[in-house]
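Take a look at the letters that make up each chain.
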Amino acid sequence: MTTRRAILHWVPAAGVALVAGRAQAQAGKAVDEKEPQAVSLGYVTDAARVDKTKFPKFAAGQHCAACQFYTAAATAATGPCTIFGGRPVAGPGWCSAFVKKA
Ligand code: SF4
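Cut-offs applied
Residues numbered from 1 in each chain as written. Predicted model: local features only at pLDDT ≥ 70, side-chain atom pairs only at ≥ 80, totals over all residues. Heavy atoms only, no water. Salt bridge = Lys/Arg side-chain N within 4 Å of Asp/Glu carboxyl O. Helix = DSSP H or I, 4+ residues; strand = E, 2+ residues; numbered from the N terminus. Buried < 20%, exposed > 50% of the residue type's maximum accessible area, 1.4 Å probe, protein only. Contact = heavy atoms within 4.5 Å.

Engineer: Mind showing me how you'd approach the pattern of salt bridges here?
Structural biologist: Charged atoms that come close allow side chains of opposite charge to pair. Under the defined criterion, the tally for this structure stands at 2 salt bridges. Note that Arg 49 and Glu 33 form a salt bridge whose closest N and O atoms lie 2.5 Å from each other. Separated by 16 residues along the polypeptide, Arg 49 in the loop between α2 (36-41) and β1 (78-81) and Glu 33 in the loop between α1 (4-27) and α2 bring together distant segments of the chain. In this structure, the salt-bridge partner of Glu 35 is Arg 87, at a minimum N-O distance of 2.7 Å. Of this pair, Glu 35 sits in the loop between α1 and α2 while Arg 87 sits in strand β2 (residues 87-90), placing them 52 residues apart in sequence. Given a relative accessible area of 13%, Glu 35 falls into the buried group. Owing to a relative accessible area of 7%, Arg 87 belongs among the buried residues under this scheme.

Okay, here's the thing in structure tokens:
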């Protein structure tokens, strides 16, 4: 027989497992332009579509593959971005956290 105490012990653990599972599923998922963090940073998958009125510091030639937070080879079509927790972003993309690779 399942006691009330056993249920109260089990339910929070299941919740934690569910949240952890979602975070893990999100971890490898490419960043979507419509996500809140992406929207706040002005992330686009193609730097040609940067809203230059909203982000006047954008300069031609800036794109994810040339950014220091892009951890894949500069020639990779997509690569992990440390600003987005290591999730893939588009090499030709851009966001306002751009810092030129040293
Ligand atoms: Fe791209 Fe750099 Fe912004 Fe990451 S921080 S999305 S690599 S421009």
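Engineer: Explain the environment of Ala 77 to me, please; I cannot follow it from the model alone.
Structural biologist: Position of Ala 77 relative to the elements: it lies in the loop between α2 and β1. Owing to a relative accessible area of 61%, Ala 77 belongs among the exposed residues under this scheme. For the pair Ala 77 and Val 89, spaced 12 residues apart in the sequence, the C-alpha separation amounts to 8.7 Å. Sequence-distant contacts of Ala 77, that is, excluding residues within four places in its chain, are made with Tyr 70, Val 89, Ala 90, Gly 91 and Pro 92.

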